[in-house]
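# Results of the structural survey
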Amino acid sequence: MEIINELEKILNNSEIEKISPILRHSIFLKNRIAANPYLVKSAFEKLDTIRDKKTILNELQKTDILNLNEENFLKQLRIFKVIEYILIAIEELYYYKNIEEITVHLSSFATAILEIAYLYGYEHLKKRYGTPIDDNGEEVGFAVIGLGKLGGWELNFSSDIDLIYVYDTEKGKTTGIDGKNSISNHEFFIKLGEKIKYYINERTDDGFVYRVDLRLRPDGDKGPLALPVRSYETYYEMYGQNWERMMLLKGSVVAGKKEVGEKLLKNVRPFIFRRSIDYKLINDLLDVKSKIAGRIKLKGNKKDVKLGFGGIREIEFTVQALQILNYPKYPEIYSKNTIESIKLLKKYSILSPEDADTLEQAYRFLRKLEHMAQIENEQQTYVIPETSERFSLYVERCGFNDITQFYKRYEDITSQVNKIFNSIISEEKPSIIKIISDSEIELDDLIEFFSSDGFKSPDTVAELARKIVTRRGEKTRSQNETNLLLNLMEIILNEIKPLDDPAKVLYFFEKFFSRPDAVYLFYDIFSSSPIILKKLISIIEYSNYLPNLILQNRNLLDYIYDPKDTNYKRYEILEIFKNDVRKTDDEEFEYNLTRKKFQELFFNLAYAYLNGEINVIKCNKSLTKLAKGVVCFAFQREYERLVTKMGHPLKNNGETCNYLILGMGKLGSDEISFGSDLDLIVLYEDSGYTSKGDKTNQEFFSRLVQKVIAYLATPTIYGYLYTIDMRLRPSGAKGALVTTFKSFSDYQYKKAMLWEKQALLRAGVINEDSKMKSDFINLVNDVLFNNTIEEKDIKEIYDMRMRIQSEKGEPYEVYDIKAGYGGIIDVEFLVQMFQLKYGKDLMELREKNTHDLLHNLVINNLIKNRDFYSLHNNYIFFRNLENIIRIYENKGISKLPKSPVAINKIAKFLNFKNSEKLFNQIDDGRKILRSVFNKLFQQESLN
């Protein structure tokens, strides 16, 4: 009532009557009028004028708007918009003008605003940078191309305006001002494009004029804001896609130099319209149609007058498809305006009179519904507001007194449109990939689709899938590359649908496919061997580390496509690395080469293990051979370099001083698992000096070990090789880094404690060609197997195990499968006890590998079959469990992760139906191992 009182002061009764429907039906305009009632008077002053672009532009220029400062320029544009929209609302809500008149008025105003923004921005930049000229000194022109509804002169009440910017040539630069501030033409027109968008799009206290969308330009958000004509031509010729063909159908010059824009539209006409119809063109149209059908599927029960069943988009596709298909024979049918196009298609008998009349009538009806949904709050909505409290008002302004009649009319119209739409080129059911590649489908609808289709984490899956198919990476995708990607994505999505964590797989492919030529590479491999996808997904599902290796080093795909032999041998690994670095003297490059090759060999094993092609025992033995070969290589490489600097290490008699590399723990017993550190001890033959005479052998070999540790542990872009642990040497971390063989022997004979003898059981020579190897074997046999252990020693071993559980093992509920209750160490200590007790008489017990020793124990009747199977089966189970835990991040951990998702993956890998059954098996295994452990220790103590 307050607004009416204000308006009565400045309007007559006739004007009040005309403005009252706006106050009732448009909250947006009601609020604007309340803020400034005098805008209504300005609108009535224009009511009887012809509202074309020229008239509106003249009115804008008469206000001296081009001479305003930027702040007032923005303010004035927004005031003009409100005045014009009041006028349009009067035409629509009071005079009931037809849809063509309303859309022309809206489009005329938008183009006038764009023109004034162009003129203002151009003059503003000229004052700063001078005039853009080409190499011949001619001024370079710039144009704004309107697309979509703006280009067809059929703009909505609350539309975005889709634009692209084009200029004549990038050759040349601006004249500058007083010899300064000259910039390239490209920079100038980028700045001009930014200015135009800012003037129109920027939201101020007075609102905004239009939302400007520039994402339809080549390369979307990543592409330059403005391009010369020739660049557009090259892009569409090489990379133009189906939707861009349909988009350009409505392209019109809406501001700037018309001749520049028309030149572009003329030159891209061959891209839009083929000279003849071929299967590829029909497939392209089917692709677009499938996307539209996909939108309808996603909209479900929503009455979306644009994208829904029988909506505006179906009419537009029908018209545009018929134009493209029939243009070669009837060029006269081309028009940018939908209603005009329908009339031309009817004239040339491409549409039957009945279908043409149906589409024309439906288009007007649906556009009316669209306008009436948008006019209330100036929101870009296309959905009939059924749930709104003001729905009855919406039905009223759409021209209906009864809601039932409204729905009947809507259903009749949309059913007829859909029937005609479906008759235009036969189409199969829309595929999932057509849905996710459709940029007009909102993310919320896409999430709902993935959710209804049974995907876990549908929000993340939707976002990643959309990102993959729309992202172009560093290089623009050709249409062929895009088609290959879409084919692959459809297969990938179908494969990951049952997974508990499909998003993890998509994260990988999002990164992978962004790399240049990755799509072609993967498609070639996949075409030759489709099973590669399942195997790759298995890797991604069970590991974070391995997929990152693939992203670093795409050569690893070859190891999936064509796996190499996994039965590694130490000397073969050594030769591989020596050959790899033979031709380089660049140490930094050598580091990259060795780590890259290591990645490949490591990946080959991990891939084979994850896909069930090698068992855990063979996997760990080959991992150990890989480690031994790499360690030997590093020692040989650094030994050669050190000799060059320091000379050869010599014994006191002048002979070369040999050295021995001992692998301890898992490295010595061929039980290296994923993520393991390497335990080493390095011994040298005897004291002496280097051949250059200034360094002792102790200094030489200490320096050698330090260099090797650095060689193995230094990270590069391809990661590192290994971390080294030397704490198992005599006297531990406090002792010398290296020692003589004699000192080591003396220590073992005189000082070594029982636990150190246990450690010596698993010590293995890595550099097997060392002349010291036989001396070491003799030492081991003499120290460990000359005598048998007694009851007190057995008790000490048992107590040591309990102490490890207490000090290093986690509480039972943490599930430490190595050091905790009933863990792997139970088996290792049990086997070592048998070795020390019976190794004197049984050579088979002088082996170092726990698994092999278990077999030797049962063969020699030291344990019963029942105990063997309990130990063996649970040992294998826990080794597998440890490996799959470690392979996730390639870290040396032996505790179950806390993440339920990770636990479920482990359960799946080990063929358990669910995590509960996995935990049951772990609990049972621990109890069985501890029971057998206690029983056999007690039994051997009494024997």
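Above this note sits the structure.
Worth saying up front: this structure is predicted, and the values here are computed from it rather than measured.

## Structural notes on the packing of helix H39 (residues 865–889) against helix H40 (residues 900–909)
- As a packed pair, H39 and H40 sit with axes 10 Å apart at the nearest point and diverge in direction by 135°. The orientation of H39 with respect to H40, classified from their angle, is oblique. Of the two possible hands of crossing, H39 and H40 adopt the one that is right-handed. On H40, the residues that touch Leu 881, Ile 884, Ile 885 and Tyr 888 of H39 are Lys 905, Ile 906 and Phe 909.
- Across the contact of H39 with H40, the residue classes break down as six nonpolar, no polar and one charged.

## Comments concerning unusual backbone geometry
- Positioned with a positive phi, Asp 178 is a non-glycine residue whose angle comes to about 55°.
- Structurally, Asp 178 can be placed in the loop between strand S4 (173–174) and helix H9 (185–201).
- Although it is not a glycine, Asp 219 sits at a positive phi angle of roughly 70°.
- Residue placement: Asp 219 occurs in the loop between strand S5 (211–213) and strand S6 (226–228).

## Looking at the packing of aromatic side chains
- Overall, the coordinates contain 65 aromatic pairs when judged by the stated rule.
- Aromatic pair Phe 834 and Tyr 838: ring centres 6.0 Å apart, planes at 20°, arrangement stacked. Residue Phe 834 and its partner Tyr 838 are both found in helix H37 (residues 824–838); the two are separated by four residues, about one turn of the helix.
- Using a relative accessible area of 0% as the deciding quantity, one classes Phe 834 as buried.
- Three or more aromatic residues joined by ring pairs form one cluster here, namely Tyr 542, Tyr 545, Phe 598, Phe 602, Tyr 609, Phe 674, Tyr 722 and Phe 909.

## Some words on a nonpolar patch on the surface
- Together, Leu 728, Met 753 and Trp 755 give the surface a local cluster of nonpolar side chains, amounting to about 270 Å² of exposed area.
- The residue Met 753 is located in the loop between helix H33 (741–750) and helix H34 (754–761) in this model.

Here is what the cut-offs are and how they apply
- Residues numbered from 1 in each chain as written.
- Predicted model: local features only at pLDDT ≥ 70, side-chain atom pairs only at ≥ 80, totals over all residues.
- Heavy atoms only, no water.
- Axes fitted to C-alpha atoms, helices over the stretch in contact; angles between N-to-C directions.
- Helix = DSSP H or I, 4+ residues; strand = E, 2+ residues; numbered from the N terminus.
- Parallel < 35°, antiparallel > 145°, perpendicular 65-115°, else oblique.
- Left-handed = near helix turned anticlockwise from the far one by under 90°.
- Contact = heavy atoms within 4.5 Å.
- Nonpolar A, V, L, I, M, F, W, Y, C, P; charged D, E, K, R; others polar.
- Phe/Tyr/Trp six-rings, centres within 6.5 Å; stacked < 30°, edge-to-face > 60°.
- Buried < 20%, exposed > 50% of the residue type's maximum accessible area, 1.4 Å probe, protein only.
- Patch = residues over 30% accessible without salt bridge, like charges linked within 9 Å, V, L, I, M, F, W, Y side chains within 5 Å.
- Areas by Shrake-Rupley, 256 points an atom, 1.4 Å probe, with all protein chains shown as cover.
- Salt bridge = Lys/Arg side-chain N within 4 Å of Asp/Glu carboxyl O.

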